[in-house]
Amino acid sequence: VNLTVYFEESNVAANIKDEAASEMVGTMLRRGAGGGISAHALDDSLEFVSASLSTSAGTFLSAFDIDCLSKDFPALLELAKKVLTAPAFDKNQLEIVKANFVTAHERRYETPAKILSALKSKVNYAPNPRMWDATADEYKKVSVADVKRLAEGTYSSKRIVFALSGDVDRDSAVTQMKEFFAGWKVDAPKV
């Protein structure tokens, strides 16, 4: 079974100082675990049943994805709800994510195609906040508090679109989705 849930919401950093932490929000919503479940326990649980739970937070859209066997789908729905409605942002996982972002930043211009793409974007969209680039030092300075603050309200939008496919009975799947979203409680961001 594959379930993908999309939330229409803007995730553009309000100022350039928040760009590095903002880029990490989507990754940390899954990697940081939550809902009383540690990051290692979450990884072990998913690995044990050969399932995946992934998250993203883009410029205009946030999403999460569940991929599992049909027999494990109800349990994975509950696990996803716990983790995504009460994210923990594990400090050790944040250090791993920061190291990955620093490495990616240092290797961003390894090919001529990457250089040309970056230059084209800068020329066409230079004043736009979507073009802000964090530096390696800014990635290293990101704290759990920064990510937590910027993640407030992610997955709380009232505009939700989901796609469900796989070996599921249509009627029972509709019932499961109604129950799943009826109990979906994420506070909207404080403005």
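Above this text is the structure in question.
Residues numbered from 1 in each chain as written. Predicted model: local features only at pLDDT ≥ 70, side-chain atom pairs only at ≥ 80, totals over all residues. Heavy atoms only, no water.

Draft legend 1. Fine view of the nonpolar core. Membership of the largest hydrophobic core comes to 42 residues, with the highest contact counts inside it found for Met 24, Phe 64, Ile 66, Leu 84 and Val 147. Counting residues per element, this core draws most heavily on helix 3 (residues 73-85), at 7 residues. Not counting chain neighbours up to four residues away, the residues in contact with Leu 84 comprise Leu 29, Leu 53, Thr 55, Phe 64, Tyr 155, Trp 184 and Val 186. (Core = buried A, V, L, I, M, F, W, Y, C linked by side-chain atoms within 4.5 Å. Buried < 20%, exposed > 50% of the residue type's maximum accessible area, 1.4 Å probe, protein only. Helix = DSSP H or I, 4+ residues; strand = E, 2+ residues; numbered from the N terminus. Contact = heavy atoms within 4.5 Å.)

Draft legend 2. Inspection of the pairing of strand 3 (residues 61-67) at higher detail. A large share of strand 3 lies buried, amounting to 5 of its 7 residues. Pairing of strand 1 (residues 2-8) with strand 3 involves 7 bridges; the strand directions are antiparallel. Looking across to strand 3, one finds that Phe 7 is bridged to Ser 62. Hairpin remark: strand 2 (residues 52-57) followed by strand 3, antiparallel, with 3 residues in the connecting loop. (Pairing = 2+ DSSP bridges.)

Draft legend 3. Summary view of the environment of Ala 57. Examined against the element boundaries, Ala 57 turns out to sit in strand 2. Residue classification places Ala 57 among the partly exposed positions, given a relative accessible area of 23%. The spacing of Ala 57 and Tyr 155 is 98 residues in sequence and 9.0 Å in space, taken between C-alpha atoms.

Draft legend 4. Representation of unusual backbone geometry. Within the chain, Ser 50 stands out as a residue other than glycine whose phi angle is a positive 55°. By the element assignment, Ser 50 lies in the loop between helix 2 (39-48) and strand 2. A relative accessible area of 61% means that Ser 50 is categorised as exposed. The phi dihedral of Phe 89 is positive, around 55°, even though this residue is not glycine.

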